[in-house]
Amino acid sequence: MERLVISGETPLQGGIDVHGAKNSSLPLLAATVLCHGQTALHNCPELSDVAAACEILSYLGCQVEREGRTVLVDATNVTGGAVPDSLMREMRSSIVFLGAIAARVGHADISFPGGCELGPRPIDLHLRALRKLGLEIREDRGSLECTVSGRMKGANITLSFPSVGATENILLAAATADGTTVINNAAQEPEIADLADFLNRCGADVRGAGEGVITIRGVERLESCEHTVIPDRIVAATYLCCGAATGGDVEVRKVNTAHLAGILPIFEEMGCQVKTSNDSVRLIAPKGRLKSVRDVRTMPYPGFPTDAQAPIMAVAALADGTSVFVENIFESRYKHAAELARMGARIKLEGRVALVEGVPKLYGAQVMATDLRGGAALVAAGLAAEGQTVIQDIKHIDRGYERIEEALRPLGANIHREL
Ligand code: UD1
């Protein structure tokens, strides 16, 4: 099994480009199922989760090719509506294919995605919404048999929580529905607006994406288009964390700075200088120690993103004073805390709250990536720590960061991958 080996304590210096957003690429790839003709998705990162989404597309009968960062999908001959259990399990967010498949071929047979590293991962909001749109869903021992007679039907849907995945599933199912769909309390994440932009470019009529109420007037058919995936705001945040934790001076480039508005104030509170320009953010860490943060509360966008909680915790572990974290989105998202503790971090967990009492130094250790962003936190901690850190189980990190060791090395990071 591959592992990352890091020798820490080098302040990172220099510029680093951010790749396209994983969390946009996955629903966009699902959306290509709806299109007639060949779609080109540019800036589509080379990640294992993206490869899994492409496998699902191939399984459904799409022609899929990758040319560098561009993925070409031709869904003209979509034949199947079934996704095998093994592919569903490879990526929990594969549930977002349901709305698109059902709308395109009228039926879908998939397995229930089940729980994951972040705790239970229910899909009740997805299913309730899709049923309102006319999908008949039979749940049978972990599998879902779904059918719709004719087109999906427009409906008025109010989400009890602004779920990102459920909002995406509704957009995909409603784009070619008969009639108008209104989503109240929709998720407002930038990835939702990216999906709506794509659908509109294909001929859909989606308004209000990025706001709490989205209106989708169903159209009969979507054509293919070319689209460029938005930058990955969580990858950008992670690189900034690596800069802050090592006392460095880094510029993350090719980002949308507006998407980072909920994150950047935390770095400033910690005593970093943050300078934003058109499409880049430069972070200069303080000369002395970082300061603790009063509280980091994860919230739906535009609040502080749950996906950046773990990497920021690695930075807070080194700050002067105690930082309070409150995880409001997922039930079990502190698995990295125990791994950071192996490196000398002092973290107390109490349900959804984590108290991080900063220490002057972290020390290299053998640690395990427990999940994607938890793994990224260990990279940031390892780069700052004295001595050598070995991170095992890095398949989690590869789900969301394109060859992270190669990305960080030009900044002076001493990090490499070993078999
Ligand atoms: C997406 C992101 C993930 C991010 C999360 C929150 C992708 C591929 N993943 O995940 O990186 O951490 O948004 O920003 O885009 N919930 C229910 N029932 C449902 C659906 C969700 O109870 O039917 C709950 C979840 O258990 C969780 C919360 O709602 O506690 C948020 O989930 P959701 O916004 O749906 O996240 P995902 O779309 O799964």
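Residues numbered from 1 in each chain as written. Predicted model: local features only at pLDDT ≥ 70, side-chain atom pairs only at ≥ 80, totals over all residues. Heavy atoms only, no water.

Read across the sheet, 4 strands follow the order β2-β16-β18-β17 without closing on themselves; strand pairing throughout is mixed. Strands at the two margins of the open sheet, each flanked by one partner only, are β2 (13–17) and β17 (273–276). The mean inter-strand angle of the sheet, taken between neighbouring strand axes irrespective of direction, is 15 degrees. Bridging between β17 and strand β18 (residues 280–284) involves 4 bridges; their strand directions are antiparallel. The residue of β18 that forms the bridge with valine 274 is leucine 283. (Pairing = 2+ DSSP bridges. Helix = DSSP H or I, 4+ residues; strand = E, 2+ residues; numbered from the N terminus. Axes fitted to C-alpha atoms, helices over the stretch in contact; angles between N-to-C directions.)

We now examine the packing of helix α1 (residues 22–31) against helix α7 (residues 190–201). Two elements in contact, α1 and α7, have axes whose closest approach is 9 Å; the angle formed by their N-to-C orientations is 30 degrees. Between α1 and α7, the angle is such that the two are roughly parallel. Crossing of α1 over α7 shows right-handed handedness. Within the contact between the two elements, α1 uses Asn23, Ser24, Pro27, Leu28 and Ala31 and α7 uses Glu191, Asp194, Leu195, Phe198 and Leu199. The residue inventory of the contact of α1 with α7, partitioned by class, reads 6 nonpolar, 2 polar and 2 charged. (Parallel < 35°, antiparallel > 145°, perpendicular 65-115°, else oblique. Left-handed = near helix turned anticlockwise from the far one by under 90°. Contact = heavy atoms within 4.5 Å. Nonpolar A, V, L, I, M, F, W, Y, C, P; charged D, E, K, R; others polar.)

How big an interface is tends to be stated in terms of the accessible area lost upon association of its parts. Here the chain is partitioned into domain 1 (3–18 + 232–418) and domain 2 (22–220). Computed over C-alpha atoms only, the centres of domain 1 and domain 2 are separated by 31 Å. The interface is formed by 24 residues belonging to domain 1 together with 19 residues belonging to domain 2. Interface area for domain 1 against domain 2, summed over the two sides, is near 1,800 Å², with a carbon-plus-sulfur share of 50%. The largest per-residue losses of area from domain 1 upon contact with domain 2 belong to Tyr301, Arg399 and Glu402, which jointly make up 34% of the total buried on that side. Here domain 1 is connected to domain 2 by 4 salt bridges. Of the charged contacts in the structure, one is a salt bridge between arginine 399 and aspartate 49, with a shortest N-O distance of 3.1 Å. (Domains from an automatic or database assignment. Buried area = accessible area lost by both parts, 1.4 Å probe. Salt bridge = Lys/Arg side-chain N within 4 Å of Asp/Glu carboxyl O.)

This part takes up the state of the cysteines. Applying the stated criterion across every chain, the model contains 0 disulfides. Summary of cysteine pairing: cysteine 54 is not part of a disulfide, and the nearest cysteine sulfur, belonging to cysteine 44, is at 6.3 Å. Cysteine 242 provides the cysteine sulfur closest to cysteine 241, a residue in no disulfide bond, and the two sulfurs are 6.9 Å apart. Judged by its relative accessible area of 1%, cysteine 241 is buried. (Disulfide = S-S within 2.5 Å. Buried < 20%, exposed > 50% of the residue type's maximum accessible area, 1.4 Å probe, protein only.)

Quick look at the site of the ligand now. Not every one of the 17 residues close to the ligand is listed here, only the nearest: Asp124, Ser163, Gly165, Asp307 and Ile329. Surface burial for the ligand is 83%, taken as the share of its 740 Å² of free accessible area covered by protein chains. Looking at the shell around the ligand, the elements with two or more residues in it are α5 (124–132) and α6 (164–174). Looking at the shell around the ligand element by element, the count peaks at 3 residues for α5. The residue makeup of the shell around the ligand, split by class, is 7 nonpolar, 6 polar and 4 charged. Two domains share the shell around the ligand, each providing at least three of its residues, namely domain 1 (3–18 + 232–418) and domain 2 (22–220). (Near = heavy atom within 4 Å. Areas by Shrake-Rupley, 256 points an atom, 1.4 Å probe, with all protein chains shown as cover.)

Here histidine 19 shows up in the loop between β2 and α1. At a separation of 3.2 Å, a polar atom in the side chain of histidine 19 contacts the main-chain amide nitrogen of glutamate 402. Setting aside anything within four residues of it in sequence, one finds histidine 19 in contact with Asn43, Pro45, Leu47, Arg69, Pro231, Asp232, Val235, Gly400, Tyr401 and Glu402. (Polar contact = N/O pair within 3.5 Å; in protein donor to acceptor, adjacent residues only side chain to side chain.)

In terms of residue burial, helix α10 (residues 309–316) counts as a mostly covered element, since 8 of its 8 residues are buried. Three or more residues of α10 are buried, namely Gln309, Ala310, Pro311, Ile312, Met313, Ala314, Val315 and Ala316.

Here the focus is the packing of α5 against α6. Remark: α5 packs on α6, axes separated minimally by 8 Å, with the N-to-C direction vectors making an angle of 25 degrees. Judged by the angle between their axes, α5 and α6 are roughly parallel. In the packing of α5 onto α6, the handedness of the crossing is right-handed. For the pair α5 and α6, contact is made by Leu125, His126, Ala129 and Leu130 and by Gly165, Ala166, Asn169, Ile170 and Ala173, respectively. Looking at side-chain class alone, the contact of α5 with α6 contains 6 nonpolar, 3 polar and no charged residues.

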